[in-house]
Amino acid sequence: MTRILSAMVLAPLVLLAVYLGGLWTAALVAAAGGAMGWEWARLCNGGHLGAAGIVSIVTLAALA
């Protein structure tokens, strides 16, 4: 149920960002990269973020 509700909220935002294009899509990709870096850092570090996690968040967001 949680996945369905989150999809109902996030899907229109993603579609709007893709429709508007340009800076909006780049911001969406940067935010997604940062979120993935945060998730990966916490998975690999026993639930803690740490300095390496911050570096990975910034790096993945900047790659966008």
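Further up the page is the structure itself.
Here's what I pulled together on the structure shown here. The structure displayed is predicted, hence computed values, not measured ones.

The rules behind these values
Residues numbered from 1 in each chain as written. Predicted model: local features only at pLDDT ≥ 70, side-chain atom pairs only at ≥ 80, totals over all residues. Heavy atoms only, no water. Helix = DSSP H or I, 4+ residues; strand = E, 2+ residues; numbered from the N terminus. Contact = heavy atoms within 4.5 Å. Expected span 1.5 Å × (residues − 1). Buried < 20%, exposed > 50% of the residue type's maximum accessible area, 1.4 Å probe, protein only. Arc of directions from axis to C-beta. Axes fitted to C-alpha atoms, helices over the stretch in contact; angles between N-to-C directions. Parallel < 35°, antiparallel > 145°, perpendicular 65-115°, else oblique. Nonpolar A, V, L, I, M, F, W, Y, C, P; charged D, E, K, R; others polar. Bend = angle between axes of the 7 residues up to and from the residue.

On the secondary structure map, Gly34 appears in helix α2 (residues 23-44). Counting along the chain gives 18 residues from Gly34 to Ala52, while the straight-line C-alpha distance between them is 13 Å. If sequence neighbours within four positions are ignored, Gly34 has contacts with Ile57 and Ala61.

Attention shifts here to α2. What sets the pattern is the α-helix's 3.6 residues per turn: residues three or four places apart point alike. Its 22 residues give α2 an end-to-end C-alpha distance of 31 Å, which sits within 8% of 32 Å, the value for a rise of 1.5 Å per residue. When we look at burial in α2, the residues that qualify are Gly33, Gly34, Gly37 and Ala41. Buried residues of α2 fall within an arc of 100° about the axis and therefore sit on the same side. Among the exposed residues of α2, those pointing more than 90 degrees away from its buried face are Trp24, Met36 and Leu43. Turning to α2, the residues buried within the fold contact α3 (50-63).

Moving on to the packing of helix α1 (residues 2-20) against α2. Here α1 crosses α2 at 135°, and the two axes come no closer than 6 Å. Here α1 is positioned oblique relative to α2, judged by the angle of their axes. Residues Val14, Ala17, Val18 and Leu20 of α1 lie in contact with α2, whose contacting residues are Trp24, Thr25 and Leu28. Looking at the contact of α1 with α2 residue by residue, the classes come out as six nonpolar, one polar and no charged.

Moving on, we come to α1. Compared with an ideal rise of 1.5 Å per residue, which puts 19 residues at 27 Å, α1 spans 27 Å between its outermost C-alpha atoms and is within 8% of the ideal. Its axis deflected by about 25° at Leu10, α1 carries its strongest bend there, up to four residues before the proline Pro12. Phi turns positive one or two residues past the end of α1, at Gly21, with a value near 65°.

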